[in-house]
Amino acid sequence: MPVRKEVRCSFCGSANVSPLSMFGTAQLVSQYYCQQCRSVFERVRWRNDANEEGETIDDDQEALSAVY
């Protein structure tokens, strides 16, 4: 199973971020909101984010399901 990397804000480096959208400006990115600097940023989902069956692991799906 792949190791999840902690998502950090690309502007201030804070780990206090929340998933905002499963898809950003492209299908291979997710949008996050930084609680510290109040910025929206995108994180690219890399190829090694896939599980053994070849399906994409969606780190944000569970958190987004609670929001929507």
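Colleague: Describe unusual backbone geometry, listing the residues and the values that go with them.
Modeller: Working note: non-glycine residues mostly have negative phi, and peptide bonds are mostly trans. Backbone geometry at Arg38 places phi at a positive 60°, although glycine is not the residue there. For Arg38, the location among the structural elements is in the loop between β2 (29-34) and β3 (40-44).

Colleague: Outline the sheet that holds β2, listing residues and values.
Modeller: If you walk across this open sheet you meet the 3 strands as β1-β2-β3, and the pairing is antiparallel. Strands with a single pairing partner mark the edges of an open sheet, and in this sheet they are β1 (17-21) and β3. Pairwise comparison of adjacent strand axes, ignoring direction, gives a mean angle of 40° for this sheet. Two strands pair when backbone bridges link them, and β2 and β3 are joined in this way by 5 bridges, in the antiparallel orientation. Bridge pairing in β3 places Ser30 opposite Arg43.

Basis of the calculations
- Residues numbered from 1 in each chain as written.
- Predicted model: local features only at pLDDT ≥ 70, side-chain atom pairs only at ≥ 80, totals over all residues.
- Heavy atoms only, no water.
- Helix = DSSP H or I, 4+ residues; strand = E, 2+ residues; numbered from the N terminus.
- Pairing = 2+ DSSP bridges.
- Axes fitted to C-alpha atoms, helices over the stretch in contact; angles between N-to-C directions.

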